[in-house]
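The primary structure of each chain is shown beneath.
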Amino acid sequence: MAKDYYSTLGVDKRASTEDIKRAFRKLAQKHHPDKGGDEARFKEITEAYAILADEKRRREYDNYGQAFSGSGPSTSSGGNPFGGPGFDFSQFQQGFGNGGVEFDFGDIFGDIFGARNARSRTPRGRDISIDLEVPFKDAIFGTKRSVLIAKVASCDICQGTGAKPGTELDTCKTCNGSGRIHETRRSILGEFSSQRVCETCEGSGKVPKEKCAECKGHGVRRREVEIHITIPTGIDDGEMIRLTGQGEAMKAGVAGDLYVKLHVLPHQTFHREGANLVMTLPVKLTDALLGTEVSIETLEGKTLEVKIPAMKKAEELLRVRGKGVPVDSARGDLIIRLEVALPHKLSHKARTAIDDLKSEGL
């Protein structure tokens, strides 16, 4: 039975090459084995992309249910995206060019195939995440927060060099200062060159004559670091803020990122609906019938005079323009839900007055 590559990538048969590329990139990052993903699923989406991203193969697949041209994977051979019969390994290094596809698999796969792309990426520290509670008002109007987190950070004693302050660094003899060890391996598919980070210098190409006593020569250590976070206006509950380079550090590499997940605390008066702020205002029966003017305190803490016209229903909405959530250079509205508050107990005088109203047909 022919494989449905479109379903594998979650795209329509009329999807453009860019749509296919975006779908593949998203799925590949999600299912990459190095990120704890499903390897079998990863192979499926890789095979699907190899066919659909190439115009000629896609045309053959649409017409015949399989692709015949090129040396990439096909439905008949169940091509192996990790190299082997029926697949051209070099396409993962150079990208698929004959169909106008410029996407480079190396951008996503890294060294899963044992060989770095020519544009070898700098080693990167681990991403970390934290949860942060913010008051409702701060989430609407934005604020700045500082938090203290424990993470692997650059050593503050040796400034990340790994050397005892005042001592020198020597060129690593293991890698001759390159920071990487190059290896060539033979297999039934031919020779494959790979490179790995030098374990002696941890990729820096330098080794200290005397190691830093605090970090033991690693250049990084676990310590508490104060992080300053800018919370933008109008951020919603559950949204993430990405702080580039604020994750864990790595010697001879770049720091990972810090992801801050915001939990917006509820407000006793207001809640949010899109760009609007919503509040409920009880209105006395007489005010609902005759209309009135009330003073309410806005989220900013200012007093706002609001005129309530005579109500025609027990529940009505009143809109105050420009008093809602800041969005770009504008603001949403304040929505006031007017609810008639019926009295729990009537005096004799009030009951008499209501009886009179009842006789009037009200």
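As the structure is a computational prediction, the values presented were derived from the model and not from experiment.

1. Examining the overall build of the chain
Okay, so step 1: Broken down by element type, the chain carries 9 helices and 17 strands.
Okay, so step 2: Within the span of the chain, comprising 362 residues, buried residues form 37% of the whole.
Okay, so step 3: Here the contacts in the chain between residues at least 6 apart in sequence split such that 61% fall between residues at least 24 apart.
Okay, so step 4: For the chain, the exposed surface amounts to about 21600 Å²; the carbon and sulfur share of it is 48%.

2. Digging into unusual backbone geometry
Okay, so step 1: Even without being a glycine, N176 presents a positive backbone phi close to 60°.
Okay, so step 2: Among the secondary structure elements, N176 is positioned in the loop between strand 3 (169-171) and strand 4 (180-187).
Okay, so step 3: Residue N176 is classed as exposed on the basis of its relative accessible area of 66%.
Okay, so step 4: The backbone phi angle of A252 is positive, close to 60°, even though this residue is not glycine.
Okay, so step 5: Along the chain, the position of A252 falls in the loop between strand 8 (240-243) and strand 9 (258-264).
Okay, so step 6: Residue classification places A252 among the partly exposed positions, given a relative accessible area of 34%.

3. Quick notes on the environment of G274
Okay, so step 1: Structurally, G274 is set in the loop between strand 10 (270-273) and strand 11 (276-284).
Okay, so step 2: Along the sequence, G274 and V327 sit 53 residues apart, while their C-alpha atoms lie 10.0 Å from each other.

4. Considerations on the packing of aromatic side chains
The description of two aromatic rings rests on the distance between their centres and on the angle between their planes.
Okay, so step 1: One pass over the structure, following the stated rule, counts 3 aromatic pairs.
Okay, so step 2: Between the aromatic rings of Y5 and Y61, the centroid separation amounts to 4.9 Å while the plane-to-plane angle is 40°, which identifies the pairing as tilted. Taken together, the positions of Y5 in helix 1 (residues 5-9) and Y61 in helix 4 (residues 55-64) put the pair 56 residues apart, joining distant regions of the chain. A single burial state applies to Y5 and to Y61, both of which are buried.
Okay, so step 3: Consider the rings of F24 and Y49, whose centres lie 4.3 Å apart with planes at 20°: the pair is stacked. Linking F24 in helix 2 (residues 17-31) with Y49 in helix 3 (residues 39-52), this pair joins segments that are 25 residues apart in sequence. By the burial criterion, F24 is buried, and Y49 matches it.
Okay, so step 4: One aromatic cluster is present, built from ring pairs that chain together Y5, Y6 and Y61.

5. Here we look at the confidence of the model for the chain
Detailed conclusions should not be drawn from predicted coordinates in areas where pLDDT is low.
Okay, so step 1: For the chain, per-residue confidence averages 82 on the pLDDT scale, and 83% of positions sit at 70 or higher.
Okay, so step 2: pLDDT under 50 marks residues 71-119. Its contacts with residues more than four places away, or in other chains, come to 112 contacts.

6. As for helix 4
Okay, so step 1: Inspection of helix 4 places R57, R58, E60 and Y61 among the buried residues, and these make up the whole buried set. Summarising the axial view, the buried residues of helix 4 lie within an arc of 160°, below the 170-degree limit, and thus occupy one face.
Okay, so step 2: In this structure D54 caps helix 4, since a side-chain oxygen of it lies 3.1 Å from the backbone nitrogen of K56.
Okay, so step 3: Count one or two residues on from helix 4 and you reach G65, which has phi positive near 85°.

7. Considerations on the pattern of salt bridges
Okay, so step 1: Going through the model one piece at a time under the given rule, you end up with 20 salt bridges.
Okay, so step 2: Close ionic contact of D156 with R221 constitutes a salt bridge, the shortest N to O distance being 2.7 Å. Here D156 is found in the loop between strand 2 (143-154) and strand 3, whereas its partner R221 is found in strand 7 (residues 220-231), with 65 residues between them in sequence.
Okay, so step 3: Taking relative accessible area as the criterion, D156 reaches 36% and is therefore assigned partly exposed.
Okay, so step 4: Taking the shortest distance from any N to any O, the salt bridge between E168 and K209 comes out at 3.5 Å. Pair noted here: E168 is in the loop between strand 2 and strand 3 and K209 is in the loop between strand 6 (206-208) and strand 7, with a separation of 41 residues, a long-range link.
Okay, so step 5: A relative accessible area of 51% places E168 in the exposed class.
Okay, so step 6: A network of salt bridges, in which partner residues are shared, links R124, D127, R242 and D257.

8. Section: the sheet that holds strand 17 (residues 334-341)
Okay, so step 1: Read from one edge of the open sheet, 4 strands run 10-11-17-14, paired in mixed fashion. Sheet topology places strand 10 and strand 14 (315-320) at the edges, where each strand pairs with a single neighbour. With direction set aside, neighbouring strand axes in the sheet form an average angle of 35°.
Okay, so step 2: In terms of strand pairing, strand 14 meets strand 17 through 6 bridges, oriented antiparallel. The residue of strand 17 that forms the bridge with E316 is L338.

9. Section: helix 9 (residues 348-359)
Okay, so step 1: Here helix 9 is 12 residues long and its end C-alpha atoms lie 17 Å apart, about the 16 Å a rise of 1.5 Å per residue gives.
Okay, so step 2: With its phi angle positive at about 90°, G361 sits one or two positions after the end of helix 9.

10. Describing the state of the cysteines
Any covalent bond linking the sulfur atoms of two cysteines counts as a disulfide.
Okay, so step 1: The tally for this structure, following the rule as stated, stands at 0 disulfides.
Okay, so step 2: Here C158 is not cross-linked by a disulfide; its sulfur's nearest cysteine counterpart is in C215, at 3.7 Å.
Okay, so step 3: Look at C158 and you get buried, because its relative accessible area is 6%.
Okay, so step 4: The thiol sulfur of C198 is not disulfide-bonded, and the nearest other cysteine sulfur, from C201, lies at 3.8 Å.
Okay, so step 5: For C198, a relative accessible area of 1% puts it in the buried group.

Thresholds applied
- Residues numbered from 1 in each chain as written.
- Predicted model: local features only at pLDDT ≥ 70, side-chain atom pairs only at ≥ 80, totals over all residues.
- Heavy atoms only, no water.
- Helix = DSSP H or I, 4+ residues; strand = E, 2+ residues; numbered from the N terminus.
- Buried < 20%, exposed > 50% of the residue type's maximum accessible area, 1.4 Å probe, protein only.
- Contact = heavy atoms within 4.5 Å.
- Areas by Shrake-Rupley, 256 points an atom, 1.4 Å probe, with all protein chains shown as cover.
- Phe/Tyr/Trp six-rings, centres within 6.5 Å; stacked < 30°, edge-to-face > 60°.
- pLDDT = per-residue confidence, 0-100.
- Arc of directions from axis to C-beta.
- Polar contact = N/O pair within 3.5 Å; in protein donor to acceptor, adjacent residues only side chain to side chain.
- Salt bridge = Lys/Arg side-chain N within 4 Å of Asp/Glu carboxyl O.
- Pairing = 2+ DSSP bridges.
- Axes fitted to C-alpha atoms, helices over the stretch in contact; angles between N-to-C directions.
- Expected span 1.5 Å × (residues − 1).
- Disulfide = S-S within 2.5 Å.

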